Amino acid sequence: MNWTLEVVPIPVADMDRAKEFYADKVGFTVDLDSEVAPGIRIIQLTPPGSRCSVVLEHGMPPSPGARQMSPGTLHGLQLCVTDIGAAREELAERGVDVSPVRHVGEKGWEDGKGDTWNSFMTFTDPDGNGWVVQEAPSELSER
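Residues numbered from 1 in each chain as written. Predicted model: local features only at pLDDT ≥ 70, side-chain atom pairs only at ≥ 80, totals over all residues. Heavy atoms only, no water.

Turning our attention to the pattern of salt bridges. Think of it this way: side chains of opposite charge can pair up when their charged atoms draw near. Scanning the entire structure with this criterion turns up seven salt bridges. With a shortest N-O distance of 2.9 Å, Asp16 and Arg41 are connected by a salt bridge. Of the two residues, Asp16 sits in helix H1 (residues 15–25) while Arg41 sits in strand E3 (residues 40–46), which places them 25 residues apart along the sequence. Owing to a relative accessible area of 48%, Asp16 belongs among the partly exposed residues under this scheme. A network of salt bridges, in which partner residues are shared, links Asp16, Lys19, Asp33 and Arg41. (Salt bridge = Lys/Arg side-chain N within 4 Å of Asp/Glu carboxyl O. Helix = DSSP H or I, 4+ residues; strand = E, 2+ residues; numbered from the N terminus. Buried < 20%, exposed > 50% of the residue type's maximum accessible area, 1.4 Å probe, protein only.)

Right, here's the structure in full:
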């Protein structure tokens, strides 16, 4: 049996602001924006080429036994791209405050691209949820 990661919830304070950021600035596709029950709105977005989506929720009660995340508390979500320079330029042109490209060197984080799998940049959404973008040597389907 496969266990596929398909949706990651992102805790946000303002659904419309977050939708605009992820769709218009980061370039995710809006798959769904719906009130699924009275007072419960779900916005699902998918990064280009990804098999996993993110979901923004408002009014959804937590699952039994689950803890509720506060907006801005999710960090370390990682996206992969095959050209980190082009991806950084695209995000910056769309108004995303994105870090320089960095790699892990002998003394920790250093500016510039590194070797294979060792080039990264970061950005945060308007609530402070943190993302990492890593350069991969090829598309996922080719690995």
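Once you've had a look at it, read on.
Turning to its location among the elements, Val55 is positioned in strand E4 (residues 53–58). In this structure the C-alpha to C-alpha distance between Val55 and Ala136, which are 81 residues apart in sequence, comes to 24 Å. Excluding residues that lie within four positions of it along the chain, Val55 makes contacts with Val7, Val8, Pro9, Ile10, Ile42, Ile43 and Gln44. (Contact = heavy atoms within 4.5 Å.)

Time to look at unusual backbone geometry. Positive phi is not limited to glycine here, since Trp117 has a value of about 70 degrees. One can find Trp117 in the loop between strand E7 (108–111) and strand E8 (120–124). Judged by its relative accessible area of 35%, Trp117 is partly exposed.

To continue, consider the state of the cysteines. Throughout the structure, instances matching the rule amount to zero disulfides. There is no disulfide at Cys52, and the cysteine sulfur nearest it, in Cys80, is 12 Å away. According to the relative accessible area criterion, Cys52 is buried, its value standing at 17%. (Disulfide = S-S within 2.5 Å.)

What follows is about the side chain of Ser138. Residue placement: Ser138 occurs in the segment after strand E9 (130–135). With near-sequence residues (within four places) excluded, Ser138 lies in contact with Thr82 and Arg143.

What follows deals with the sheet that holds E4. One open sheet accounts for four strands, arranged E1-E4-E3-E2; its pairing is mixed. The open sheet terminates on both sides in strands that have one partner only, identified here as strand E1 (7–9) and strand E2 (29–37). The sheet shows a mean angle of 25 degrees between the axes of neighbouring strands, direction not considered. Each of E2, E3 and E4 is contacted by H1, which is oriented at about 10 degrees to E3, the strand it contacts most. (Pairing = 2+ DSSP bridges. Axes fitted to C-alpha atoms, helices over the stretch in contact; angles between N-to-C directions.)

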